Amino acid sequence: MIPSSFDYVSPKSLKEAVGLLESKGEGAKIIAGGQSLIPLMKLRLASPSVLIDLGRIPGLNYLREEAGALRIGAMTRMSDVAASEMLRKKYPIIQDAAKVIADPLIRNLGTMGGNVSHGDPTNDMPAVMLALGADFFALGPSGERTIGVRDFFLDAFSVALEHNEILTEIRVPTTPPRSGGSYLKIEQKVADFATAGVAVQITLSKVGQCETVGIGLTAVGPKAIEAKDAEDSLVGVRPTDTASVRKAAQLAADASDPASDIRGTADYKRSLVKLLVTRGVKVAYARSQGRASS
Amino acid sequence: MAQKSHVSMTVNGTKKEGDVEPRILLVHFLRENLGLTGTHVACDTSNCGACTVLLDGRAVKSCTMFAVQAAGRDIMTVEGLANKDGLHPIQEAFLAKHGLQCGFCTPGMIMSIYALLENNPHPTEPEIREGISGNICRCTGYAKIIESVQLASSEGGRSRRSKRKAR
């Protein structure tokens, strides 16, 4: 399958790329790893007139902790995220997700920036970023701006980036001591999109109660969903309090809005959310205690 | 029609060039412009991995990348494995263990395995299964492929080359 015709440009700087987005107009599209965009172009579900390739812009591929945040360059490959020792130790929730995205070949090209800015509700990183309370940095003609994760995902395949803006970095607040997270996904087969996925991130107080809770849901609505009521219900609660966790899991299932499709009925997917929240809290708790649970 | 771009890349150690429309996929450039038909097109939907090649040492699906994106990069295809001394040990192991039946997935499978063994010369069985999880085989049920990887690994699949003549 051959995509329809387009012009290709490969700018050497972000500034040049933003300028190209402006000058080439609405038909221009950014390509990062291309692992979602190229299949869409081959099916001619997307037919951009110009592709602006970020692949030759230096300095967009990094993972580093700096000034109270984990900074993730937009072009960081998913395979580098999956292999990072620092993430394994300090942000296992991100690595959980990276390891179950597509397959190793796709992960060698797919990027963090692409995974979130594509806006596909079945992509895994959006729920993780909701649970972590990440910020997104975008560069446009008038400079850089920050978009909080709660304002970023608008609808299916729609995010808060303007046409002339490029996502440059994802910034995750450094997790405090006694924090743990988990991302769990049910898929029909390896490399499939999620039937349902749940991200859980908790930080405990000194007496062992949940101080902050983040819960994000994948593939059970038109966009990634933050299960706000479920999060709130767990604040002040011990993660080992099974009745409370069960209640939170139900609230998360209630917050989901799945559609029945080839991967299962809406009821089945809601029951998966409930199950995965329960399991995810257990894993997140174990990790907050320094235990490498999986 | 969009203007053709001149692309130049290293393929199996040799500099190759061509003029392509931007929409031409890397796999088609390799097969049709360069005549390297060892890299296969099967599903053409980024699922099966028959088109796997190495891009700067990493295994990628050449049906999910444009040739223009690969300009200036280093590509290795299945044709780059055997040398004048014979087949690569992974290829030898596939012969010895019957790691293929119809053979259509084999070039992509072998390129994934090559990348796997470069990073992890002695993978466990779960690591092998994970390593080839982007490559679909509809004949073998994978058992013989896994035995082939284990044989190549036990014989130091990274560097040792046999005396068998390349065919």
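Note that the coordinates shown come from a computational prediction; the quantities given were computed from them, not determined experimentally.

Quick notes on the rules
- Residues numbered from 1 in each chain as written.
- Chains lettered and ligands numbered in written order.
- Predicted model: local features only at pLDDT ≥ 70, side-chain atom pairs only at ≥ 80, totals over all residues.
- Helix = DSSP H or I, 4+ residues; strand = E, 2+ residues; numbered from the N terminus.
- Rg over C-alpha atoms; globule rule 2.2 N^0.38 Å.
- Buried ≥ 20, exposed ≤ 12 C-beta atoms within 10 Å, placed from the backbone.
- Contact = placed C-beta atoms within 7 Å.
- Pairing = 2+ DSSP bridges.
- Axes fitted to C-alpha atoms, helices over the stretch in contact; angles between N-to-C directions.
- Domains from an automatic or database assignment.

Visitor: Let's hear about the overall build of chain B: which residues, and what values?
Guide: Within chain B one finds five helices and five strands. Put simply, chain B runs from its N terminus to its C terminus through helices and strands in the order β-β-α-β-β-β-α-α-α-α. Relative to the globule expectation of 15 Å for 167 residues, the C-alpha radius of gyration of chain B, 16 Å, shows essentially globular dimensions. Along the longest, intermediate and shortest principal axes, the C-alpha atoms of chain B span 50 × 35 × 25 Å. Here chain B holds 167 residues, and the buried ones make up 48% of them. For chain B, restricting intrachain contacts to residue pairs at least 6 apart in sequence, the fraction spanning at least 24 positions comes to 63%.

Visitor: Which residues make up the sheet that holds strand β7 (residues 143-148) of chain A, and what values go with them?
Guide: Residue and element names in this part refer to chain A. Pairing is antiparallel in the open sheet, where five strands are placed in the order β4-β5-β10-β6-β7. At either end of the open sheet lies a strand with only one pairing partner, and these are β4 (63-66) and β7. Across the sheet, the mean angle separating the axes of adjacent strands is 25° when strand polarity is ignored. When β4 meets strand β5 (residues 69-73), the two strands line up antiparallel, connected through four bridges. Pairing of E66 across the sheet is with A69, part of β5. In this fold helix α1 (residues 14-24) packs onto β6 (135-140) and β10 (166-173), with an angle of close to 125° to the strand it touches most, β10.

Visitor: Go over the domain arrangement of chain A, please, and point to the residues and values.
Guide: All names here are of chain A. By domain assignment, chain A separates into domain 1 (7-51), domain 2 (63-173) and domain 3 (179-287). Just the C-alpha atoms count here: the centres of domain 2 and domain 3 sit 19 Å apart. Contacts between the two partners involve 22 residues from domain 2 and, on the opposite side, 24 residues from domain 3. Of all the secondary structure elements, the ones that give two or more residues to the side of domain 2 that touches domain 3 are α5 (92-99), α8 (125-132) and β8 (153-155). In terms of residue count, α8 provides more of the side of domain 2 that touches domain 3 than any other element does, six residues in total.

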